[in-house]
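Spelled out, the chains give:
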Amino acid sequence: MSNFELPKLPYEYDALEPYIDKQTMEIHYTKHHQAYVTNLNKALEGSEGAGKALEDIIKNISKYPVSVRNNGGGHFNHSLFWSLMKKNGGGSPTGDVLKEINSSFGSFDEFKKQFGAAAMGRFGSGWAWLIVNNNKLEITSTPNQDNPLMDIAEKKGSPILAIDVWEHAYYLKYQNKRADYVENWWNVVNWDEVAKLYSQAK
Ligand code: MN3
């Protein structure tokens, strides 16, 4: 019996205003993320994967049906995404993360440009990622609810930063203007969480 649950949102629905509006946040969390959780549990019911840890399922996703890939990815990605944002977030990373961004991409501004380009370049629905791969930082993007931990990923690594570029993540406030959403999103990034994930991944 699989009983994955919606994790508690670490802030109020309006905490990321004005960059991410309350209504988008509430629908994204209570409807979209909840549906991934519900459908993941359904997809795993009575199967060999029932009872396994989510990360274990994700890392071996090629062995599972597409419903587990889509909904397991959706649950994993959104759980991570919520933690990567916070009220009064934004600014610049510090310490090891900043050092590594500077040495990998030249500067924080250049990193933002390349990460933004990955977010903009993902056609249709998907995600852009900053990952640690063999101790090095890399930017990648995935379609749908795939992620870089999946064994089917083009570029694999441990994600330490992610942006959801599905239209449901921004359409109510930004309509077709994904670039404005991506630009504003930097104001809510939780760099403390990125630093924590980085220290665990390297
Ligand atoms: Mn989403």
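Provided above is the structure to which this section pertains.
Let me sum up the structure you'll find in this document. Worth saying up front: this structure is predicted, and the values here are computed from it rather than measured.

1. Brief notes about the packing of aromatic side chains
Next up, step 1: In total, this model carries 17 aromatic pairs according to the counting rule given.
Next up, step 2: Ring geometry for Tyr-29 versus Trp-82: centroids 6.2 Å apart, planes at 75 degrees, classification edge-to-face. In this pair, Tyr-29 is assigned in helix α1 (residues 22–44) and Trp-82 in helix α3 (residues 66–83), connecting sequence segments 53 residues apart.
Next up, step 3: The interplanar angle of 45 degrees and the centroid separation of 5.3 Å between the aromatic rings of Phe-105 and Phe-111 together place this pair among those described as tilted. The pair formed by Phe-105 and Phe-111 is uniform in burial state, with each residue classed as buried.
Next up, step 4: Here a set of aromatic residues connected by ring pairs shows up, and it is made of Phe-105, Phe-108, Phe-111, Phe-115, Trp-185, Trp-186 and Trp-191.
Next up, step 5: The cationic tip of Lys-173 hangs over the ring face of Tyr-174; the distance from NZ or CZ to the ring centre is 5.8 Å.

2. Digging into the packing of helix α4 (residues 95–105) against helix α8 (residues 191–201)
How two helices pack is summed up by the angle between their axes together with the distance between the axes.
Next up, step 1: Between α4 and α8, whose axes approach to 8 Å, the crossing angle comes to 80 degrees. By the angle between their axes, α4 is roughly perpendicular relative to α8. Touching Asp-96, Val-97, Glu-100 and Ile-101 of α4 are Trp-191, Val-194, Ala-195 and Tyr-198, all from α8.

3. Let's talk about the sheet that holds strand β2 (residues 136–143)
Next up, step 1: With antiparallel pairing, 3 strands are arranged side by side in an open sheet as β2-β1-β3. Because the sheet does not close on itself, it has two edges, and the strands there are β2 and β3 (158–164). Neighbouring strand axes in the sheet, compared pairwise and without regard to direction, differ in orientation by 20 degrees on average.
Next up, step 2: Two strands pair when backbone bridges link them, and strand β1 (residues 126–133) and β3 are joined in this way by 6 bridges, in the antiparallel orientation. Each bridged residue has a counterpart across the sheet, and for Val-132 the counterpart in β3 is Ser-158.

4. Notes on the pattern of salt bridges
Next up, step 1: A complete count under the given rule lists 8 salt bridges for this structure.
Next up, step 2: Notably, a salt bridge pairs Lys-155 with Glu-138, separated by 3.8 Å at the nearest N-O pair. Here the residue Lys-155 occupies a position in the loop between β2 and β3, and Glu-138 occupies one in strand β2, the gap between them amounting to 17 residues.
Next up, step 3: Judged by relative accessible area, which is 34%, Lys-155 ranks as partly exposed.
Next up, step 4: Residue Lys-196 is joined to Glu-193 by a salt bridge in which the shortest nitrogen-to-oxygen separation is 3.5 Å. Pair noted here: Lys-196 and Glu-193 are both in helix α8, with a separation of 3 residues, about one helical turn.
Next up, step 5: Since its relative accessible area comes to 17%, Glu-193 is described here as buried.

Criteria and cut-off values
Residues numbered from 1 in each chain as written. Predicted model: local features only at pLDDT ≥ 70, side-chain atom pairs only at ≥ 80, totals over all residues. Heavy atoms only, no water. Phe/Tyr/Trp six-rings, centres within 6.5 Å; stacked < 30°, edge-to-face > 60°. Helix = DSSP H or I, 4+ residues; strand = E, 2+ residues; numbered from the N terminus. Buried < 20%, exposed > 50% of the residue type's maximum accessible area, 1.4 Å probe, protein only. Lys NZ or Arg CZ within 6 Å of the ring centre and 35° of its normal. Axes fitted to C-alpha atoms, helices over the stretch in contact; angles between N-to-C directions. Parallel < 35°, antiparallel > 145°, perpendicular 65-115°, else oblique. Contact = heavy atoms within 4.5 Å. Pairing = 2+ DSSP bridges. Salt bridge = Lys/Arg side-chain N within 4 Å of Asp/Glu carboxyl O.

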